[in-house]
Amino acid sequence: MATRSRGTTALLAVAAGGAWLLVADVLGAGQGAIWRHGPIMMLGALVGMSFLAAGVVAWREHPRNRVGPLMAVLGLAWIPQQLLFLPGRDLWALALCGAWAGVACHLFLAFPTGRLGLVSYRVVTGLAYAAALLLPSAQALTYLPLPPPLWHFAAALDASSWQATVLFAGTVLALTVKRWRRASVAQRRAVAPVTGASMLATAAFAADRLANLADPNPLQLPLALVMLIAFVAVPLAYLAGLMRSRMDHGRVADLVVRLSRRERPEKLRDELAATLRDPGLTVGYWAAEQGGYVDADGRPVDLDPGPSRVVTRVDQGEAPLAVLVHDVALLEQPLLVEAACAAAALTLENERLTADLRARLRQLAASRRRMLQWGEAERRRLERDLHDGVQQRLLSVAMTLGLAEAGTDPGRAVPLIGEAKTAVLAALDDLRAVSHGIHPPVLTERGLSGAVKELAAVAPMAVTCDLALDEPLPQAVESAAYYIVNEALANVTKHAAASKAWVRLAQGDRRLLVEVGDDGVGGAHPALGSGLAGLADRAEANGGRLTIDSPPGKGTVLKVVLPCA
């Protein structure tokens, strides 16, 4: 009921304003004025009414956009211009007859948001308002019996009005062309009708002002008619744009039909781009494992796309579902974006799952590549250690025993055999060290709980252990958990500057939770090194995932979940 009342009030206001303009023009002007200025008067009244009507409609459609109020004010500011056709010459109407030009400059530079975003736009608009009020007022003062110095000053200002008109018209055209060249495809499409009409109206206004310098001039009437027609085209183009946006909403129903017939899921982005008329549209799907948004191929999506594009988030209840990275011009049609996302919600959810799976596969493949590289490096290290250590010692033992065997002095053989024995024992120590890097003997001897307690005992800070292991674990899981705890405690020692730490192992639901925390400086991140990237690779290579909570100054908590099945 309230909406209907507001709509009725707006229509009555427009009808009353239009009737007032027509009555003032037709009945008040007199037959002679109508005979001399009939087409100009009618088109002038149409300009005022069209801006007033379009302004009211735009204000109701987009209450937060200032384009509607500016159009309505321009329609009202046009009234003094029309009153000049009445018998006599009211000086107040003459002084205010140019106010509409300042509002028109404001409207043209502020379209489509209604806001003057750049400082240059604000300066030009402010100067245009000053000129639109000052120059006609100077002309009105020339009709008053003023002292000669003041009269000559007013006449000089009035004589310079055409230069100011041409200067401001050229500036507005230059700024509009510059903005057009910087606009994206979607922005150009949105503003093309109104921008074209406003540029034509601005150029025609300057040409009409120049034509009036020579009186009589056969071009005066044609240029005046072209100018008025161009100004009528501006609000009509805006209303046509509103109708087109309503038609865009109708394409959402076609989107539902097209999505139901889709054979390849990767076409969703193309369908949304066609519906929203944004060829550069990007769709990002929420991937919980990565803690961010990824595209259909599992690659991360940039959520800082630049000044000409914005990010609109699509949620499913309280849970994040997807994001659309689209042209900023679509902010003028939030309902269209919302309707398109609602129509594609089910498909978005399906593709989110697919994108999440692809992201996991890409991440797993990358982790496996790094683990293979690490394994190759470890194999070369073991080969080097065996060659330079154990192999050389065993070769020395063989040579020593050979000397003892070839010798004829029994007293000489005994020391050689003792030397060989010492070398064999040293080789055994080397083998233990090498094998410890392959599989820690402590795991075999004491199990995961005992091995973790031993790591905690040798740590330089106090480490509390909470080990809840009820069932035997697969050997690969035990080994991965041991090395994760070992590397995590090493990181605490090297980087955390912590006074205490803790280790928690919890087994349940066929998973093993490994948690290592400290009260150190925090600020840990895998991208910053500190061995965390290697921990993430080890976890992912075993089918698990790593999460880190490390606010600066508040310690670090590292959690790894490993599947046990």
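Scroll up to find the structure.
Every value quoted in this text rests on a predicted model; they were computed, and no experiment measured them.

J.: Sorry if this is basic, but what is going on with a nonpolar patch on the surface here?
T.: A cluster of nonpolar side chains, contributed by Trp 92, Leu 96 and Leu 133, occupies part of the molecular surface with about 300 Å² of accessible area. Within the secondary structure, Leu 133 sits in helix α7 (residues 119-141).

J.: It is not clear to me how the pairing of strand β8 (residues 545-549) should be interpreted in this structure. Could you clarify?
T.: As a general feature of sheets, a regular strand has side chains that alternate between the two faces. Across 5 bridges, the pairing between β8 and strand β9 (residues 556-563) is antiparallel. Paired with Thr 547 across the two strands is Lys 559, which belongs to β9.

J.: Explain the environment of Ala 541 to me, please; I cannot follow it from the model alone.
T.: Here Ala 541 lies in helix α18 (residues 532-541). A relative accessible area of 22% places Ala 541 in the partly exposed class. For the pair formed by Ala 541 and Ala 480, sequence separation is 61 residues and the distance between their alpha carbons is 9.5 Å.

J.: I'm lost on the side chain of His 106 in this one. Help?
T.: Here His 106 lies in helix α6 (residues 99-110). The exposure class of His 106 is buried, given its relative accessible area of 18%. Not counting residues up to four positions away in its chain, the partners in contact with His 106 are Leu 70, Leu 116, Thr 125 and Tyr 129.

J.: Explain the sheet that holds strand β6 (residues 500-508) here, please?
T.: Note on sheets: strands pair through backbone hydrogen bonds, and any given pair is parallel or antiparallel. As summarised here, the arrangement of the 5 strands in space is β5-β6-β7-β9-β8, forming an open sheet in which the pairing is mixed. Each edge of the open sheet carries a strand with a single partner, namely β5 (462-468) and β8. Adjacent strand axes in the sheet meet at a mean angle of 10 degrees, parallel and antiparallel pairs treated alike. In the packing of helix α17 (residues 475-496) onto the sheet, contacts are made with β5, β6, β7 (511-518) and β9, and the angle to β7 comes to roughly 10 degrees. In the packing of α18 onto the sheet, the strands contacted are β8 and β9, and the crossing angle to β8 comes to about 145 degrees.

J.: I keep staring at the nonpolar core and nothing clicks. Help me out?
T.: The nonpolar side chains of soluble globular proteins are, as a tendency, buried together. If you look at the biggest cluster of nonpolar residues, it comprises 43 residues, and the most contacted ones within it are Phe 51, Leu 107, Leu 109, Phe 231 and Tyr 238. Elements with a contribution of two residues or more to this core: α2 (31-61), α3 (67-77), α6, α7, α9 (161-182), α10 (185-211) and α11 (220-260). Per-element tally for this core: the top contributor is α11, with 10 residues. Beyond its immediate chain neighbours, meaning those up to four positions away, Leu 107 contacts Phe 51, Val 67, Leu 70, Met 71 and Leu 74. Formed by 38 residues, the second largest nonpolar core is a distinct cluster that contains Ala 481, Val 492, Ala 501 and Val 514.

Reading guide: rules and limits
Residues numbered from 1 in each chain as written. Predicted model: local features only at pLDDT ≥ 70, side-chain atom pairs only at ≥ 80, totals over all residues. Heavy atoms only, no water. Patch = residues over 30% accessible without salt bridge, like charges linked within 9 Å, V, L, I, M, F, W, Y side chains within 5 Å. Areas by Shrake-Rupley, 256 points an atom, 1.4 Å probe, with all protein chains shown as cover. Salt bridge = Lys/Arg side-chain N within 4 Å of Asp/Glu carboxyl O. Helix = DSSP H or I, 4+ residues; strand = E, 2+ residues; numbered from the N terminus. Pairing = 2+ DSSP bridges. Buried < 20%, exposed > 50% of the residue type's maximum accessible area, 1.4 Å probe, protein only. Contact = heavy atoms within 4.5 Å. Axes fitted to C-alpha atoms, helices over the stretch in contact; angles between N-to-C directions. Core = buried A, V, L, I, M, F, W, Y, C linked by side-chain atoms within 4.5 Å.

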